[in-house]
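Here is what each chain is made of, one letter per residue.
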Amino acid sequence: MERFIPDEDRLKSVEDNYKKIKSRIEESAIKAGRNPNDVRLMAVTKTVESVYINKALELGADLIGENRVQEYLGKKDELNLDGVEKHLIGHLQTNKVKQIVGEVDMIESVDSIRLAREISRVSMNKGITTNILVEVNVGKEESKSGIYLEGLDELLLEIAEMPNIKINGLMTIPPICDSEKEVSRYFETMHNAFVDIREKKLSNINMDILSMGMSGDFESAVANGSNIVRVGSAIFGARKYF
């Protein structure tokens, strides 16, 4: 097996990009009248080699998100994860639940009773509680996973009854939009739903996290109340698919 040789230019690019993104998040928060410390930057590591992820961690990244169970498990031992929070953000199949529960700090992509029930069952068997976000399909896109807003309350209430699973908030990926104004409307809709649920103070349902915004739209997400933005390509460069 060939030894992987990191690209020094890419390492420098990761450093420059990471600092720029942090600065843009801070500026966006201040512009929106928010405390920049209330918005966390997640480094999304899909298809990114460990050496470049470790560079971001070295720069202060303390939250990473991975899309695929197998990819995360395959490279986690190469990562410097002391003090780093790990989230699974991609679609999770029920047959992969046993592999990922206990390996990450949060699963952001729970969108069905069936999946939540399996996470609860596996967590109970492992003697742990799994933190989750419920994924909302705010644009009602057939190609995307996530619960529609109309079914959100019912799903939350059912999950809240399950043992060994803790709801911490909501996650969404809006549709690709032609303008910032259009994407901002989706983020505003999500924030309104988030606040409405939080104000109901429902038992075992915490609305602490609103995870929305990615490389192309995170500034709009921050302006609309997101407190986790998930940024991959704007930090690490264009994704490489193998």
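For the structure, see preceding data.
Residues numbered from 1 in each chain as written. Predicted model: local features only at pLDDT ≥ 70, side-chain atom pairs only at ≥ 80, totals over all residues. Heavy atoms only, no water.

**Q** Even after reading the chapter, I still don't get the pairing of strand E4 (residues 106-110), so can you show me in this structure?
**A** Side-chain positions along a regular strand alternate between the two faces of the sheet. Most of E4 sits inside the fold, with five of its five residues counted as buried. Across two bridges, the pairing between strand E3 (residues 85-88) and E4 is parallel. Each bridged residue has a counterpart across the sheet, and for His87 the counterpart in E4 is Met106. Two strands pair when backbone bridges link them, and E4 and strand E5 (residues 130-136) are joined in this way by three bridges, in the parallel orientation. Bridge pairing in E5 links Ile107 to Ile132. With respect to chirality, the unit in which E4 leads through helix H5 (residues 113-126) into the neighbouring parallel E5 is right-handed. (Buried < 20%, exposed > 50% of the residue type's maximum accessible area, 1.4 Å probe, protein only. Helix = DSSP H or I, 4+ residues; strand = E, 2+ residues; numbered from the N terminus. Pairing = 2+ DSSP bridges. Right-handed = clockwise from strand over helix to strand, strands pointing away.)

**Q** Hey, could you run me through the pattern of salt bridges in this one?
**A** Any two side chains of opposite charge can pair, so long as their charged atoms come close to each other. Counting across every chain of the model gives 18 salt bridges. Between Asp77 and Lys76 there is a salt bridge, and its shortest N-O distance comes to 3.5 Å. A residue is classified by how much of its surface remains accessible, and Asp77, at 69% relative accessible area, is exposed. Under the relative-accessibility criterion, Lys76 is labelled partly exposed at 22%. When the shortest N-O distance is used, the salt bridge between Lys200 and Asp153 registers 2.7 Å. (Salt bridge = Lys/Arg side-chain N within 4 Å of Asp/Glu carboxyl O.)

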